Amino acid sequence: MLLLIPGPVQTRPEVRACMAEDIAPWDEDFRAEYAAMRPRIVKIAGGVEGQHVSLPLPGCGHMIIESAIRTFVPAGAKLLVVRNGGYAERLARLAETAGRVVVALDGPDDVPMSPERLAQALAENPDCGHVALVVSETGTGIVNDPNILGPVIAQAGRRMICDAVSGFGALPFSLAAHPECDVVVFTSNKCLEGLPGFGFAVAPIVRLEACRGQAGSWVMDLADVYDHALKNGFGSFRFTPAVQALRAFGKAMEIYEAEGGQPARFARYSRNRDVMYAGLKALGFTPYVAPEHQGPIIVNVYQPVDPNWSLEVFQRKMKARGVILSDFSSTKKPSMRFGCIGAIGEEEIRFALKQAEAVLAEMGVGQRAAA
Ligand SMILES: *Cc1c(COP(=O)(O)O)cnc(C)c1O
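What you see is a predicted model; the values in this text were computed from it and never measured.

As a matter of local geometry, the ligand sits amid C60, G61, H62, I65, Y87, V134, S136, T138, D163, V165, S166 and K190. Contacts to the ligand include H62, whose side-chain N or O atom sits 2.5 Å from an oxygen atom. K190 is positioned such that a nitrogen or oxygen atom in its side chain is 2.7 Å from an oxygen atom of the ligand. By residue number, the principal contributor to the shell around the ligand is helix 3 (residues 61–72), which donates three residues. Of the residues in the shell around the ligand, the class split is five nonpolar, five polar and two charged.

A few words on the sheet that holds strand 2 (residues 52–58). Strand order across the open sheet formed by seven strands is 2-8-7-6-5-3-4, with mixed pairing between neighbours. If you trace the sheet from one side to the other, it starts and ends with strand 2 and strand 4 (101–106), each paired once. On average, each strand axis in the sheet is inclined to that of its neighbour by 20°, with strand direction left out of account. Here strand 2 pairs with strand 8 (residues 198–204) via seven bridges, running antiparallel. In the sheet register, L55 faces strand 8, and the bridge partner there is A201. Each of strand 3 (78–83), strand 4, strand 5 (128–134) and strand 6 (159–163) is contacted by helix 4 (residues 86–97), which is oriented at about 165° to strand 3, the strand it contacts most.

For the coordinates displayed, the defined rule picks out 23 salt bridges. The residue E21 makes a salt bridge to R247 at a minimum N-O spacing of 3.5 Å. Within this pair, whereas E21 is found in the loop between helix 1 (13–17) and helix 2 (28–44), its partner R247 is found in helix 9 (residues 243–259), the two being separated by 226 residues in sequence. Taking relative accessible area as the criterion, E21 reaches 48% and is therefore assigned partly exposed. We classify R247 as buried; its relative accessible area is 18%. A salt bridge links R350 to E346; its shortest N-O distance comes to 2.9 Å. Placement of both R350 and E346 in helix 12 (residues 346–363) is noted, with a separation of four residues, approximately one turn of the helix. According to the relative accessible area criterion, R350 is partly exposed, its value standing at 45%. For E346, a relative accessible area of 23% translates into the label partly exposed. Here the salt bridges share partners, and the residues they tie into one network are E193, E259, R265 and R268.

Calculation criteria
Residues numbered from 1 in each chain as written. Predicted model: local features only at pLDDT ≥ 70, side-chain atom pairs only at ≥ 80, totals over all residues. Heavy atoms only, no water. Near = heavy atom within 4 Å. Polar contact = N/O pair within 3.5 Å; in protein donor to acceptor, adjacent residues only side chain to side chain. Helix = DSSP H or I, 4+ residues; strand = E, 2+ residues; numbered from the N terminus. Nonpolar A, V, L, I, M, F, W, Y, C, P; charged D, E, K, R; others polar. Pairing = 2+ DSSP bridges. Axes fitted to C-alpha atoms, helices over the stretch in contact; angles between N-to-C directions. Contact = heavy atoms within 4.5 Å. Salt bridge = Lys/Arg side-chain N within 4 Å of Asp/Glu carboxyl O. Buried < 20%, exposed > 50% of the residue type's maximum accessible area, 1.4 Å probe, protein only.

This is the structure we're talking about:
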């Protein structure tokens, strides 16, 4: 089966094979294996060993995002959320539920947040100490680039929290170049092409030390993850981890490094995106995002207005032909997403486009444009 969803992504057989063994997480051999992964994670984030630290936490992306918010934003404090998409809305909900006060900077969901608007919002809200942003908005495919917005946040003397879940490892980012960044978070199962089960935060050590004890949660306190490692070693866990997923992530990092790291992955996904974007347009679909704002992670198109159209039927028929697509959209106007990430290349994208063409013909969907 070919997964064309924005996570969990298609993985390589060597990665999946790591799940086939029983492992004791506290065994000394596995401790060494895990401890060796942590500096590699820091490196992928462009951090500096000794200044930044990786903080793995079993669970999904939402869990590591909430952990980041809880750890760095004090309870009751205000957080400016760049809210221009479905995942940003989720981030805002996580923050509010955790008792942080969200000040939303809303924007259209088909263009990245502009640095000018962010600067203005920061000037109007001097009491927002942090800005949280979703880097690659998985609902639409736009990218709020921290390399553009980070300097605005630094200029205003505020701190940045990056939900980099969907693009981490593929989009260029270096923690060392962003002293305003408190934390960048991501998961095992997106652009690093591992299996689901782990979230990761990478953060400056000085900030963790300054933020001890304010998470209001033991499980989600990243400062406690750090303190535990200091006390018990960087190969130790606080609680039972998704240990096979972690081993698989180690294998996935090996493959990532061998492929050529971030530049290579960015290039492969960009190529996937180009083929997908052009192919969907050629089929008659209307892209949700203009080419100049289209990121390399997912391509989103409007659902056709044709009376024969049904996302459910399309999704089911594509699955019968070996291609799994998302069966929901998170945009206000009905759309659908095609993932460009995972252990796939342009042949797989072309295969999926061919199946889509056949399915549309079978369904009798002639009117494929948005309106
Ligand atoms: C996938 C994703 C998440 C996390 O999703 P989970 O289902 O909790 O793993 C968060 N933010 C973005 C931008 C994502 O793409």
